[in-house]
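# Summary of the model geometry
Single-letter residue listing:
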Amino acid sequence: MRRVILLSGLLAIAFSALMPLNAFAASGNSQWTPLLEVAFEKKDLEAAVSYLIDDKNIPISDVIAKAREKGFGYTRIVDALIDTKSLSCEQVMIEALQNNAPPLALFDSKKISGDYGYTPELILKFLVKELRFMDLEEEQLGKEDQNAETRKKNLEIITKVCKSMIIDEDFTPFDVMRNLCLAEANNEVIAKVSKRLDVPQATTFKACPKHAEYGRAHISRELPQQAHIVIGVDHLTIDDDSGRGVISPKTP
């Protein structure tokens, strides 16, 4: 347990130090441009990344940007970063996503899936837990404005991962919402991801009953019949024309 807490703390410190960097800035605008150019001169990605990260401690965002500029794919860049001595697999996953790598780059990485055993479900679970920890870290430091922006970016990352699971990995919307629920995503995240991906309310409630339990009161006529059965009993608003106080389930 102590090791897990320590790892989260170290990751949060490392990430917070990197957050102010513009993840999408061209590597040509970096103060490290001359060194980056020299490192990639021989077009050996793995050697260049190892040299820049392990020996020179160059910001990861700059290394990713330069590697992309040189034509390397995101999955190979991810694997090269994992091979460094300085970065953990978990840090690489978050750094890659924060620097515009598509989630598929993580799903296709043999090092992430093979060496470290991360399936798409486990990647999502890790992200929900770690990105929430980062939100709380900033909030505890009193950085309310920055925390709001961080929360927005983190939600975008989680949404992209969920969308990629559906499009690239053949997960159903139900599977994705179920995995979000199992990852203990909060109600706000579940609601926003569901809306962004156009997941029917009935599917979301069926995948994560606790979301229905703690969600807003629903007018019964707004919900499809399947949702009535899934929810079981839920408060109605005064606008409901049924005149009843609850929605009764048709099946146990």
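Before going into details, it helps to say that this report is about the structure given with it. Note that the structure is predicted; figures quoted are calculated from it, not measured.

Moving on: the side chain of Thr 84. Tracing the chain through its elements places Thr 84 in the loop between α5 (74–82) and α6 (89–98). For Thr 84, a relative accessible area of 6% corresponds to the buried category. In this structure the side chain of Thr 84 is engaged in a polar contact, spanning 2.6 Å, whose partner is the backbone oxygen of Leu 81. Excluding residues that lie within four positions of it along the chain, Thr 84 makes contacts with Val 49, Ser 50, Ile 53 and Asp 54.

We now examine unusual backbone geometry. Of note, Asn 100 is a non-glycine position whose phi angle comes to about 75°, a positive value. Inspection of the secondary structure assignment puts Asn 100 in the loop between α6 and α7 (103–107).

Here the focus is the state of the cysteines. In protein chemistry, a disulfide is the covalent bond that joins the sulfur atoms of two cysteines. Following the criterion strictly, the structure yields 1 disulfide and no others. In this model, Cys 181 is linked to Cys 208 through a disulfide, with the two sulfur atoms separated by 2.2 Å. Because the sign of the S-S torsion sets the handedness, a value of about 65° for the bond joining Cys 181 and Cys 208 places this disulfide among the right-handed ones. Separated by 27 residues along the polypeptide, Cys 181 in helix α11 (residues 173–182) and Cys 208 in the loop between α13 (201–207) and α14 (209–214) bring together distant segments of the chain. The buried category is assigned to Cys 208, whose relative accessible area is 0%.

It is worth spelling out α11 at this point. Among the residues of α11, those classed as buried are Val 176, Met 177, Asn 179, Leu 180 and Cys 181. Positive phi appears at Glu 184, one or two residues downstream of α11, with a value of about 65°.

Further remarks concern the packing of helix α3 (residues 45–55) against helix α4 (residues 60–69). α4 packs onto α3 with a crossing angle of 160° between their chain directions and a minimal axis gap of 10 Å. One element, α3, and the other, α4, form an angle in the roughly antiparallel class. Here the hand of the crossing between α3 and α4 comes out right-handed. Packed against α3, whose contacting residues are Leu 45, Val 49, Leu 52 and Ile 53, the element α4 presents Ile 60, Val 63 and Ala 67 at the interface. Broken down by class, the residue content of the contact of α3 with α4 amounts to 7 nonpolar, no polar and no charged.

Thresholds, definitions, all that
- All residue numbers refer to positions counted from 1 along the written sequence of the respective chain.
- Local features in this predicted model are restricted to residues whose pLDDT is 70 or higher, and side-chain atom pairs enter the listing and the counts only when it is 80 or higher, whereas totals over whole chains, interfaces and linings include all residues.
- The side-chain figures draw on all heavy atoms in the structure; neither hydrogens nor water molecules are used.
- In this description a helix means any DSSP run of H or I spanning at least four residues, a strand means any run of E spanning at least two, and both kinds are numbered starting from the N terminus.
- Buried means the residue's accessible area, taken with a 1.4 Å probe over protein chains only, is under 20% of the maximum for its type, while exposed means over 50%, and partly exposed covers the values in between.
- The term polar contact refers here to a pair of N or O atoms within 3.5 Å; inside protein, the definition further demands a hydrogen-donor-capable atom paired with an acceptor-capable atom, and it admits residues adjacent in sequence only when both atoms are side-chain atoms.
- The contact definition used throughout considers only heavy atoms, calling two residues in contact when any of these lie within 4.5 Å.
- In this description, a disulfide is simply a cysteine sulfur pair whose atoms lie within 2.5 Å.
- Working convention: axes come from line fits to C-alpha atoms, limited for helices to the stretch in contact. Angles between N-to-C directions cover 0 to 180 degrees.
- Orientation is classified from the angle alone, with under 35 degrees giving roughly parallel, over 145 giving roughly antiparallel, 65 to 115 giving roughly perpendicular, and any other angle giving oblique.
- In a left-handed crossing the near helix is turned counterclockwise from the far helix by less than a right angle, and in a right-handed crossing that turn is clockwise.
- When residue character is reported, Ala, Val, Leu, Ile, Met, Phe, Trp, Tyr, Cys and Pro are called nonpolar, Asp, Glu, Lys and Arg charged, and the others, Gly included, polar.

No statement about biological role is implied by the geometric values presented.
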